Amino acid sequence: AAAFGLASQTLHPAAADSANSFELGQKSEFWGHRARVNVAAFYTRWKGPQQSVQTASTSTVEFFNGPTIQTRGVELDSSFVPLDGLTISVNGAHYHGHQPPAVSPYPAPGGSSGVAQFNNVVNLPAFSGSVSVLYDFLKTSYGTWRANVDLNGTDRKSTRLNSSHITI
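Numbering of residues starts from 1 in every chain and runs along the sequence as written. Reporting in this predicted model follows two pLDDT cut-offs: at least 70 for local features of residues, and 80 or more for side-chain atom pairs to be given and counted; totals over whole chains, interfaces and linings ignore these cut-offs and use all residues. Water and hydrogen atoms were dropped before computing side-chain values, which therefore reflect all heavy atoms in the structure.

Undergrad: Explain the pairing of strand E6 (residues 86–98) here, please?
TA: The two faces of a sheet get side chains in turn, since along a regular strand they alternate between them. Direction of pairing for strand E5 (residues 69–83) relative to E6: antiparallel, over a ladder of 12 bridges. Bridging across to E6, Gly73 finds its partner in Tyr95. Strands are treated as partners if at least two bridges between them are detected by DSSP. Labels follow the DSSP assignment, with helices taken as runs of H or I lasting at least four residues and strands as runs of E lasting at least two, numbered in each case from the N terminus. The antiparallel pairing of E5 with E6 creates a hairpin that spans two residues between the two strands, and Gly85 there sits at a positive phi of about 90°. Summarising the sheet, E6 and strand E9 (residues 127–140) pair through nine bridges and their orientation is antiparallel. Paired with Asn91 across the strands is Ser130, a residue of E9.

Undergrad: Help me out: how do you make sense of the sheet that holds strand E10 (residues 143–154) in this one?
TA: The strand order across the open sheet built from six strands is E1-E2-E5-E6-E9-E10, with neighbouring strands paired in antiparallel fashion. Sheet topology places strand E1 (18–30) and E10 at the edges, where each strand pairs with a single neighbour. The average angle at which neighbouring strand axes cross in this sheet is 10°, direction not considered. Relative to strand E2 (residues 35–47), E1 is paired through 13 bridges, and the arrangement is antiparallel. Within E2, the residue paired with Ser28 across the bridge is Val37. Every axis in this analysis is a line fitted to C-alpha atoms, fitted for helices over the stretch in contact. Angles between the N-to-C directions lie between 0 and 180 degrees.

Undergrad: Got a minute to help me understand the pattern of salt bridges in this structure?
TA: Opposite charge on two side chains lets them pair, provided their charged atoms get close. Salt bridge, as used here, is a side-chain nitrogen of Lys or Arg placed within 4 Å of a carboxyl oxygen of Asp or Glu. Tallied over the full model, the rule gives three salt bridges. Of the charged contacts in the structure, one is a salt bridge between Asp84 and Arg34, with a shortest N-O distance of 2.7 Å. Of the two residues, Asp84 sits in the loop between E5 and E6 while Arg34 sits in the loop between E1 and E2, which places them 50 residues apart along the sequence. Overall, Asp84 belongs to the exposed group, its relative accessible area being 63%. Arg36 is paired through a salt bridge with Asp77; the nearest N and O atoms lie 2.7 Å apart. In this pair, Arg36 sits in strand E2 while Asp77 sits in strand E5, placing the two residues 41 residues apart along the sequence. Partly exposed residues are those whose accessible area sits between 20% and 50% of the maximum for their type, while under 20% is buried and over 50% is exposed, using a 1.4 Å probe and protein chains only.

Have a look at this one:
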């Protein structure tokens, strides 16, 4: 949907954005349903992403549509049950994203105009993965007692827009 900030000075809305996503993958189960391996490759083209910029002060925000963002990657999701009650899972992903410089149509704080913001794609690490081991060691009428060990990791990621303001 279109968006505008209530703290805006102009109340000009940003238009609705759209995304086209394509995914190709394979889901497989074998070894008597004790092994599962899913792999997928994907590509997303996000047109007109809604972005915000501070203008007159830190509490004044304007929204606008930025340039197209493209992301692509591959993902692996697998689990194995080598013996009853023991499940080993291995998951991983590799991502790549590109967002060209976004030029704000609004003046920056202090009155300069034509500010280019160079942004990272937020929350998109290059690599992420996990390994887990789940063991059901006691089954009772009240439930199952389990031990679970998880290892998770991720590459560096940007948790916010990384802006460098350059007056053009």
